[in-house]
Amino acid sequence: MSTHVRKPGWFTVNVFNRAVAWVTRRGISVWGSRVLAVRGRKSGEWRTTPVNLLTVDGQQYLVAPRGHVQWTRNMRAAGGGELRLGKNVDVFTATEVADDDKVPLLRAYLRRWKAEVGVFFNGVGPDSPDEELRRIAPDHPVFHLTLGN
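My aim in this report is to walk through the structure given alongside it, one point at a time. Small disclaimer: the values here were computed from a predicted structure and weren't measured. (Residues numbered from 1 in each chain as written. Predicted model: local features only at pLDDT ≥ 70, side-chain atom pairs only at ≥ 80, totals over all residues. Heavy atoms only, no water.)

### A look at the pairing of strand S4 (residues 80-85)
Burial analysis of S4 places 5 of its 6 residues in the buried class, the great majority of the element. Taken together, the 3 bridges between strand S1 (residues 33-39) and S4 define a ladder with antiparallel strand orientation. Across the sheet, the residue bridging to Val-35 is Arg-84, located in S4. Here S4 runs beside strand S5 (residues 88-96); their pairing, made up of 6 bridges, is antiparallel. By the bridge assignment, Arg-84 is partnered in S5 with Val-89. The turn joining S4 and S5, which pair antiparallel and follow one another in sequence, is formed by 2 residues; a positive phi near 60° is taken by Gly-86. (Buried < 20%, exposed > 50% of the residue type's maximum accessible area, 1.4 Å probe, protein only. Helix = DSSP H or I, 4+ residues; strand = E, 2+ residues; numbered from the N terminus. Pairing = 2+ DSSP bridges.)

This is the structure we're talking about:
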C-alpha cells in the first residue's frame, strides 16, 4: 500500500478548512462539502474534517486528495462514520474501493474539484489517460459509502 501523504499548510488548516467547515456546519454546502466525522482508531473520539462528497451514478464516495491521511486510517479502522451538513447527519458504512476500480471515480472527482485539489494529483487531471489515473490510484484512497447503517 502507498504511504503517500500531502500535509496541508498553515493557511489550509487554519483558514480554508475552518471556513468551509463553519459554513457547512451551518447547513450550506460549498460545492458538495460535508463535515466528515469518524471515530479515532486509537482514542475512539470523534474526529472531524471537511470533505467533498462525490456522487457518481447515484452512488456516493469520499476521495482523499492528500493521500493516506488520518481520516483515511480512521475510516479503515471504524468502517464508517457520519456526514454532516447543518443539522442533517447521515450515518454510513464505508468500503474501500480497489485501485483498479478508481479510474472513473478519480476522473469524476478531478472534473468537479480540480481547481481546488488538482495540485495534489501531480499533474494528472480529468482529461489524463486512464494509465495516468491508474498510476496515481494507490496514492488516493477512495471509499464507497452506504448511507443509513
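### Structural notes on the nonpolar core
Core analysis: the biggest nonpolar cluster contains 19 residues, and Leu-54, Leu-106 and Phe-121 have the highest contact counts within it. Residue assignment for this core shows that the elements contributing at least two residues are strand S2 (46-56), strand S3 (59-63), helix H3 (103-117) and helix H4 (130-136). With 7 residues, H3 is the single largest residue contributor to this core. Sequence-distant contacts of Phe-121, that is, excluding residues within four places in its chain, are made with Pro-65, Leu-106, Tyr-109, Leu-110, Ile-136 and His-140. (Core = buried A, V, L, I, M, F, W, Y, C linked by side-chain atoms within 4.5 Å. Contact = heavy atoms within 4.5 Å.)

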